[in-house]
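Structural description and commentary
Now for the letters of each chain:
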Amino acid sequence: MNRRDFFNGTAATAFTAVAAASVSKVAMAALPEPVIMTKPDTAAPLTPPNGRPYNPVVTLNGWTLPWRMNNGVKEFHLVAEPVVREMTPGFKAHMWGYNGQSPGPTIEVVEGDRVRIFVTNKLPEHTTIHWHGQRLPNGMDGVAGLNQPAIPVGKTFVYEFVARRPGTFMYHPHADEMTQMAMGMMGFWITHPKEKHPLIDEVDRDFVFLLNAYDIDPGSATPKIMTMLDFNLWSWNSRIFPGIDPLVVRKNDKVRIRFGNLTMTNHPIHLHGHEFLVTGTDGGPTPKSTRWYEVTTDVAVGQMRQIEFLADEEGDWAFHCHKSHHTMNAMGHNVPTSIGVDHRGLIGKLQKAVPDYMVMGERGMADMGEMEMQIPDNTAPMMTGTGPYGGVEMGGMFSMVMVRKDQKPGDYKNPGWYKQPPGTQAYEWKGELPSAPRAQATGGNKTSAASSAPAAATSAEVQIRKPSGHSGHAGH
């Protein structure tokens, strides 16, 4: 984390001049210095240095924005600006974000806090910020043209309101939204309860992240903002596996995970090895009578979900979107299926004309994870990640919840791969296989030799009956 000095030399004079047009002299005197983060690592939770105490969250591959107390008001400074986000090692994207990152930093406050957010626009066009899900004065809602004039290039605007209810929220622009959100402008907001809440339990670990998606052609770095459905990079906090950090917990910790969906489709988020309760939504904590255990919860566009579970099973447990294409990195959408196609005898001829020709997908796509085929610079492999037993063959919205009995409280460091105790891991059978049971003929149903043969050894017979008469359709 470093601080960017806006108040040196000529740049200071220019910034002060444009900011003064939108911010009063009193506010300018107390303008908090913006804090900038450029590393994609998961930062340690920010223990509140002042104000009401709370149990801080951990932002996956992100961080929490520090604040300044000014006469009892929590003051934050967000800078909307172009950023470079490393989505996974070896692949960087040119995005727009806040304070050096996409998504921007998480904002944490406590119910009842008066909050003042200075927003400086360093984008090439105007912008605003909408505080998604908040109860606040209409003029602070951040919809350009409806609630406020848009923030011009180079200007600083101030948003000020009281955090009225605890919950999980987001922030994002409501000006040229198609462009600015497609370029990565978004962030998380957490309002902690000011006192013990009957529907909000204490937890040992509290993680947050945003679901976002991009369409970035292999070899390029800038998202295509006109894409509506065919995204090729599905990410958590603008990171793709194996660049997404694991969620590290101690065995028997009570864990809360909050996620918000700012993509263009829904995401069924699935956790292995444990069942969880959905304890919060966009509207706040859910009544306990409505909660039931499940292992997958669907998050629609624009929604937030909060899940909680007891991490009582040791191991490295997959945690991912259950849409299979969302756990892949950049891929072509028009690649034909070659499964079952026999290329023998053809490869040599093709390679005479195209020396670098390779067969792809003849036996499924798992070979793609092992191929060392050349890809354009600044491109993430489609299937990647290596575990203790070989390729994980994943990408996109995939990570792990690492549960360890010897992890210390408050320790989020990666403990390394889990070693399964003897007798608790699948293994190769090397003995004689038992004979397969055969169905017995009963009553009028008989099982023929042909019907019990493997499907590959039997031929399919199809009978076609052409329709007679008009059958309700006009004839030719």
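Please refer to the structure higher up on the page.
Presented here is an overview of the structure given in this document. (Residues numbered from 1 in each chain as written. Predicted model: local features only at pLDDT ≥ 70, side-chain atom pairs only at ≥ 80, totals over all residues. Heavy atoms only, no water.)

Brief notes about the pairing of strand 26 (residues 398-404)
Definition in use: Residue burial is assigned from relative accessible area. The probe radius is 1.4 Å, only protein chains are included, and a residue is buried under 20% of its type maximum, exposed over 50%, and partly exposed in between. Working definition: helices are DSSP H or I runs of at least four residues, strands are E runs of at least two. Numbering for both runs from the N terminus. Criterion used throughout: strands pair if DSSP finds at least two bridges between them.
Within strand 26, 7 of the 7 residues are buried, leaving the element largely enclosed by the surrounding structure. A two-sided burial pattern is seen for strand 26, the buried positions comprising Phe-398, Met-400, Met-402 and Arg-404 on one face and Ser-399, Val-401 and Val-403 on the other. One ladder, built from 4 bridges, connects strand 15 (residues 247-250) with strand 26; its direction is parallel. Counted as the bridge partner of Val-248 is Met-402 from strand 26.

A look at unusual backbone geometry
Going from Ser-102 to Pro-103, the amide bond is cis rather than trans, its omega being -5°. In this model, Phe-241 is joined to Pro-242 through a cis peptide bond whose omega is 10°. Counting through the fold element by element, Pro-242 comes out in the loop between strand 14 (233-236) and strand 15. A positive phi angle, near 50°, is found at Asn-237, a position not held by glycine. Within the element layout of this structure, Asn-237 appears in the loop between strand 14 and strand 15. Even without being a glycine, Asn-252 presents a positive backbone phi close to 75°. Assignment of secondary structure puts Asn-252 in the loop between strand 15 and strand 16 (253-261).

Some points on the sheet that holds strand 21 (residues 296-299)
For clarity, the cut-off: Fitted lines through C-alpha atoms give the axes, limited to the stretch in contact for helices. The angle between two N-to-C directions lies from 0 to 180 degrees.
One open sheet accounts for 5 strands, arranged 15-26-23-17-21; its pairing is mixed. Looking at which strands have only one partner, the edges of the open sheet turn out to be strand 15 and strand 21. Strand-to-strand twist of the sheet, defined as the mean angle between neighbouring strand axes without regard to direction, takes the value 20°.

Observations regarding the nonpolar core
Threshold: Only buried residues count toward a nonpolar core, which is a set of Ala, Val, Leu, Ile, Met, Phe, Trp, Tyr and Cys residues joined through side-chain atoms within 4.5 Å. What makes two residues a contact is simply this: any of their non-hydrogen atoms within 4.5 Å.
The biggest cluster of nonpolar side chains holds 31 residues, and the ones touching the most others in it are Phe-76, Leu-78, Ile-107, Ile-117, Ile-129, Trp-131 and Trp-189. Elements with a contribution of two residues or more to this core: strand 5 (73-88), strand 6 (91-98), strand 7 (107-110), strand 8 (114-121), strand 10 (156-162) and strand 11 (167-172). Residues contacting Ile-117, with those up to four places away along its chain left out, are Phe-76, Leu-78, Trp-131, Phe-157, Val-158, Tyr-159, Phe-161 and Trp-189. Counting residues in each nonpolar core, the second largest holds 28 residues, with Phe-207, Ala-213, Leu-271 and Val-299 among its members.

Without other data, these values stay purely geometric and don't point to any function.
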